[in-house]
Amino acid sequence: GGAAGAAGLLGVQPRVPPPILSVAISCVGRRLVLGERTEEVNRTAAQLARRLADEYTQNTGQERFVAGSIGPSGKLPSMDDPELSNVSFDQLSDIFREQAKGLLEGGVDLLTIETIPDIAEMHEAIAAARACSDLPIIAMLTFAEDGRTVSGNEAAAVIDMLLEHEVDVIGANCSVGPQRLLRVLILDPRDYRHRRGNDFMPDLKHGHELLPAQLGH
C-alpha cells in the first residue's frame, strides 16, 4: 500500500492500485520544517489519495479505500530518558489529534497507527483518533529481537491494550522483519480480528535480508 500511496501523492496512477491506498505522513514531520503545517499537509495528501481511489473505482467498478497513516512521534514516553522522554501525554495527544483531523478532513476511510515503539504512545494515538472519529483503526507496534517493544513491553501486554481499545486490526511492522514479527504475533493464542506484519529495517551492511517472494509470503 505504501508505494501506491506515494504514487497517489505524486499524482501518478499505479497500474493496479491495491484495495487500500496508504497515505503515510508521519507526525515526526512536526520536528521538521513543516511542523506547523501538519494538519494542512495531511489533509492535502489524503485528498490526493482520495481522488486517485475514487477515479479508479469509477473507471473500473472495483472499489478502493484510503488509509490515513499516523506514525510515531520520535519520543518514548514510557522510558526515563532526558531526550527521548521529553514529552508530555497532553503534547502527544495534541500531535496525534492534529494529524488525525487533517487525514479525516481529506476523506480517508480508515486510520493506520503504525511503527509505534512505545505502548503509552500507542494509547495516546488511539485515544486521539477515537476522539476525532469512529472509523476503523489498524494498530501496529514495532518489536525488537527479544519480542518486546523498545519500551520493554511483551506482545501479550500490547495485545491486551489493543483489544481493550477495540481496534479493528492488530499487527506489527518495521524492525526485525516479517518472519520474526510473525513469531511475535503468534505467541499469543487468542483469536483476535486480524494480524498483520509488513516492512522492516534493512541490514545496513548487506541490504535487505529477504527476497520479494519472501516478503510477499
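For the structure itself, look to the data block above.
In this text, all values refer to a predicted model and were calculated from it rather than measured experimentally.

Participant: Which parts of the structure should I look at to understand the pattern of salt bridges?
Facilitator: A pair can form between side chains of opposite charge whenever their charged atoms are brought close. Inspection of the entire model under this criterion finds eight salt bridges. When the shortest N-O distance is used, the salt bridge between R43 and E39 registers 3.8 Å. Within this pair, R43 and its partner E39 are both found in helix α2 (residues 38-60), separated by four residues, close to a single helical turn. A residue is classified by how much of its surface remains accessible, and R43, at 24% relative accessible area, is partly exposed. Between E39 and K101 there is a salt bridge whose closest N-O contact spans 4.0 Å. Of this pair, E39 sits in helix α2 while K101 sits in helix α3 (residues 89-105), placing them 62 residues apart in sequence.

Participant: Could you clarify how one ought to interpret the pairing of strand β3 (residues 110-116) in this entry?
Facilitator: The two faces of a sheet get side chains in turn, since along a regular strand they alternate between them. The buried fraction of β3 is high, at six of seven residues. As paired elements, strand β2 (residues 65-70) and β3 share four bridges and run parallel to each other. When the bridges of β3 are listed, G68 appears paired with L111. Regarding topology, α3 serves as the crossover connection from β2 to the parallel β3, and that connection is right-handed. In this region the chain leaves β3, passes through helix α4 (residues 119-132) and returns to the parallel neighbour strand β4 (residues 137-141); the handedness of that crossover is right-handed.

Participant: Teacher, can you tell me more about α4 here?
Facilitator: Counting along an α-helix, one turn takes 3.6 residues, and residues three or four places apart therefore face a common direction. With 14 residues, α4 extends 20 Å between its outermost C-alpha atoms, agreeing within 8% with the 20 Å of an ideal straight helix rising 1.5 Å per residue. Inspection of α4 places I119, A120, E121, M122, E124, A125, I126, A128 and A129 among the buried residues, and these make up the whole buried set. Against the buried residues of α4 lie α3, β3, β4 and α5 (155-164). Of the residues flanking the start of α4, the one acting as N-cap is D118, its side-chain oxygen 2.8 Å from the backbone nitrogen of A120.

Participant: Can you help me understand unusual backbone geometry in this one?
Facilitator: Trans is the prevailing form of peptide bonds, just as negative phi is the prevailing case for residues other than glycine. The backbone of T115 shows a phi angle near 60 degrees, a positive value even though the residue is not glycine. Summarising the element assignment, T115 is placed in strand β3. Of note, the phi angle at E166 is positive, near 55 degrees, even though the residue is not glycine.

Participant: Looking at this structure, I do not really get the packing of α2 against α3. What am I missing?
Facilitator: Each pair of packed helices can be described by the angle between their axes along with the distance between the axes. Two elements in contact, α2 and α3, have axes separated by 7 Å at closest approach and are oriented at 30 degrees. With respect to α3, the element α2 is oriented roughly parallel. Read as a crossing pair, α2 and α3 show a hand that is right-handed. Contacts between α2 and α3 involve T38, E39, N42, R43 and A46 on the former and, on the latter, E98, Q99, K101, G102, L103 and E105.

What counts, and where the lines are drawn
Residues numbered from 1 in each chain as written. Predicted model: local features only at pLDDT ≥ 70, side-chain atom pairs only at ≥ 80, totals over all residues. Heavy atoms only, no water. Salt bridge = Lys/Arg side-chain N within 4 Å of Asp/Glu carboxyl O. Helix = DSSP H or I, 4+ residues; strand = E, 2+ residues; numbered from the N terminus. Buried < 20%, exposed > 50% of the residue type's maximum accessible area, 1.4 Å probe, protein only. Pairing = 2+ DSSP bridges. Right-handed = clockwise from strand over helix to strand, strands pointing away. Expected span 1.5 Å × (residues − 1). Contact = heavy atoms within 4.5 Å. Polar contact = N/O pair within 3.5 Å; in protein donor to acceptor, adjacent residues only side chain to side chain. Axes fitted to C-alpha atoms, helices over the stretch in contact; angles between N-to-C directions. Parallel < 35°, antiparallel > 145°, perpendicular 65-115°, else oblique. Left-handed = near helix turned anticlockwise from the far one by under 90°.

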